[in-house]
Amino acid sequence: MIYKNNSSKIVATYILPIGVTIFLTGLCIIESRSSYHSLLYLFIALPSLFITITNPSLFFKSLQSHAFKLVVLLLVFATVSTLWSGDTSESLRYIRYNINILLFILAFIYIQNSHENLLIKILLSSAAAWAVFGAIELFNFYFIQKHALSARIIGSGSLTNTLLTSHVYGAFAALLANYILIQRMSIFRLAVLLVTFLVILIFIIQTHSRTPLIGLSAVLIALLLKYRNKQAVYFLVFLVTLTATYLIFNLELLTQRGFSYRPEIWGLALENIINKPILGHGLGSQMSLYIPSLGIAFSDSHNIHIGLVYDLGLLGLSLWLITLFTLFKLYRQHHNNHLIATGLSILIFGFFAGMTEGGGFFTRPKEVWFLTWLPIAILISTEINLIKYKENVN
């Protein structure tokens with residue numbers, strides 16, 4: 001895939017990488033969410049739209065990816081579902097959200113088309129940034145402000161929720177765990193990455209959130225099954241020892257909150273799903289799940305998978321599962337590609353961490369994107385780059 005004009009190539013080479021870096025690091029740096037979103041529109045949405053308009057052949061060639069076609073179909077179906085949501089006034093908002101999701105994925109495609117080795121550098125640099133800001137926040141929260149270790153840390157920038165914060169840190173932990181195990185590197189670089197991973201892991205632990213630990217465990221089990229070598233075993237033993245040590249001294253902190261009414265919320269959501277099982281209630285429909293013992297009505301299912309079925313029904317769930325299966329099949333075909341392996345590790349983490357994640361898939365850029373659209377964008381853009389390489393060879 002070749003750009004028809006220099007301006008498109010300049011945008012893909014210089015502007016979009018800035019935008020992706022802002023997306024990856026902005027939440028822990030930028031204190032205003034509105035400023036964060038504005039910068040993403042300026043450095044991702046508009047540049048991607050410009051390249052798509054000036055080089056439409058790049059978009060159509062991207063449709064050679066089965067996963068990309070499935071994502072486009074899912075976004076179209078989600079947009080159409082607003083027609084039966086009961087609130088058609090929200091349709092324009094969700095159309096804008098879904099277009100932004102598509103442009104976000106296209107940004108990764110265009111970056112890889114311009115410079116295939118740049119994306120992994122952006123991802124690793126962003127992980128380092130989260131580790132640095134995490135270390136600063138840990139020091140400030142526990143040593144300067146003198147909070148007890150039992151206090152749950154939230155994070156810097158515009159982060160406001162410990163669980164959502166832990167999901168972002170968890171995505172980068174999955175990225176680093178995968179990279180450490182599959183890449184050969186110098187002792188110095190390995191040491192730097194291990195320290196970066198350790199800081200991120202400590203931050204996750206200090207959020208006292210449990211599902212990120214489950215998600216990371218799933219990732220590590222998958223990596224151990226794939227890379228059955230001494231490096232993988234040593235890495236896993238180190239993490240198990242560290243986690244076990246923490247649990248011995250902090251088990252009560254992790255268990256005293258129980259299940260936070262998750263089973264009750266999920267049960268009520270499933271009862272609502274039964275009313276409209278095929279097409280769902282439609283994107284933008286108002287969910288109200290009342291827990292009598294609390295006297296509170298929850299507006300989301302606290303599970304992105306159940307939330308997807310509520311909004312888009314079994315048809316939407318089928319599209320989502322087929323997309324996941326297609327991406328896993330892609331990994332089976334190209335498991336030695338480090339970006340494919342990285343994308344799948346984050347996707348595995350997101351699948352499990354999303355089991356307690358509130359909200360839905362189809363939103364403005366926020367924490368849930370690190371569980372869903374980020375790994376999907378990595379996988380699809382890498383697949384399209386591999387298709388391009390194969391065509392050039394032939």
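The structure contained in this document is the topic of the report that follows.

Cut-offs used in this document
Residues numbered from 1 in each chain as written. Predicted model: local features only at pLDDT ≥ 70, side-chain atom pairs only at ≥ 80, totals over all residues. Heavy atoms only, no water. Helix = DSSP H or I, 4+ residues; strand = E, 2+ residues; numbered from the N terminus. Contact = heavy atoms within 4.5 Å. Buried < 20%, exposed > 50% of the residue type's maximum accessible area, 1.4 Å probe, protein only. Patch = residues over 30% accessible without salt bridge, like charges linked within 9 Å, V, L, I, M, F, W, Y side chains within 5 Å. Areas by Shrake-Rupley, 256 points an atom, 1.4 Å probe, with all protein chains shown as cover. Salt bridge = Lys/Arg side-chain N within 4 Å of Asp/Glu carboxyl O. Expected span 1.5 Å × (residues − 1). Core = buried A, V, L, I, M, F, W, Y, C linked by side-chain atoms within 4.5 Å. Phe/Tyr/Trp six-rings, centres within 6.5 Å; stacked < 30°, edge-to-face > 60°. Polar contact = N/O pair within 3.5 Å; in protein donor to acceptor, adjacent residues only side chain to side chain. Axes fitted to C-alpha atoms, helices over the stretch in contact; angles between N-to-C directions. Parallel < 35°, antiparallel > 145°, perpendicular 65-115°, else oblique. Nonpolar A, V, L, I, M, F, W, Y, C, P; charged D, E, K, R; others polar.

Examined against the element boundaries, S48 turns out to sit in helix α2 (residues 33-54). Excluding residues within four positions of it along the chain, S48 makes contact with L16, L103, L106, A107 and Y110.

Okay, the environment of V132 next. In this fold, V132 is placed in helix α6 (residues 118-144). Accessibility expressed as a relative area gives 46% for V132, which makes it partly exposed. The spatial distance from the C-alpha of V132 to the C-alpha of V199 is 8.2 Å, given a sequence separation of 67 residues.

Another point: a nonpolar patch on the surface. On the surface, a nonpolar cluster with roughly 390 Å² of combined accessible area is contributed by L42, L46, L49 and I53. I53 sits in the exposed class, given a relative accessible area of 60%.

Here helix α5 (residues 91-114) contains 24 residues, and its C-alpha end-to-end distance of 34 Å stays within 8% of the 34 Å for a straight helix at 1.5 Å per residue. When you tally the buried positions in α5, you get 18 out of 24 residues, the bulk of the element.

Right, let's get into the environment of K390. Inspection of the secondary structure assignment puts K390 in helix α14 (residues 373-393). Along the backbone, K390 and L49 are 341 residues apart, and their C-alpha atoms lie at a distance of 26 Å.

Looking now at unusual backbone geometry. Even without a glycine there, the phi angle at K146 is positive, about 60 degrees. Since its relative accessible area comes to 66%, K146 is described here as exposed. A positive phi angle, near 55 degrees, is found at H302, a position not held by glycine. Mapping H302 onto the fold places it in the loop between β2 (296-298) and α12 (304-333). Exposure remark for H302: the relative accessible area of 17% places this residue in the buried category.

The subject of this paragraph is the nonpolar core. Ranked by internal contacts, the top residues of the largest apolar core, which has 110 residues, are F23, I105, F362, W373 and I380. Among the elements that line this core, the one with the most residues is α5, at 13 residues. Core analysis: the second largest hydrophobic core is formed by 10 residues, I265, M287, F298 and I306 among them.

Take the packing of aromatic side chains next. Scanning the model with the defined rule gives 21 aromatic pairs in all. Ring centres of F59 and F60 lie 5.5 Å apart, and the angle between their planes is 75 degrees; this geometry places the pair in the edge-to-face category. Judged by its relative accessible area of 55%, F60 is exposed. When the centroid spacing of 4.9 Å and the interplanar angle of 85 degrees are considered together, the rings of W130 and Y169 count as edge-to-face.

With respect to the helices and strands, T82 occurs in the loop between α4 (66-80) and α5. Among the polar contacts listed, one links the side chain of T82 to the backbone oxygen of T79, at a separation of 2.6 Å.

We now examine the packing of helix α8 (residues 187-206) against helix α9 (residues 211-226). Contact geometry of α8 with α9 gives a least axis separation of 9 Å together with a crossing angle of 140 degrees. Taken together, the axis directions place α8 and α9 in an arrangement best described as oblique. For the pair formed by α8 and α9, the contact residues are L201, I204 and I205 on the first element and P212, L213 and L216 on the second. Across the contact of α8 with α9, the residue classes tally to six nonpolar, no polar and no charged.

This next bit is on the packing of α2 against α5. Their axes nearest at 8 Å, the elements α2 and α5 cross at an angle of 75 degrees. Of the possible angle classes, the one that applies to α2 and α5 is roughly perpendicular. Contacts between α2 and α5 involve Y41, I44, A45, S48, L49, I51 and T52 on the former and, on the latter, R96, N100, L103, F104, L106, A107 and Y110. Classifying every residue of the contact of α2 with α5 gives 10 nonpolar, three polar and one charged.

Turning our eyes to something else, we now look at α8. For α8, spanning 20 residues, the distance from its first C-alpha to its last is 28 Å, which sits close to the expected 28 Å at 1.5 Å a residue. Listed in full, the buried residues belonging to α8 are L193, T196, F197, I200, L201, F203, I204, I205 and Q206. Looking at the residues trailing α8, positive phi occurs at H208, about 60 degrees.

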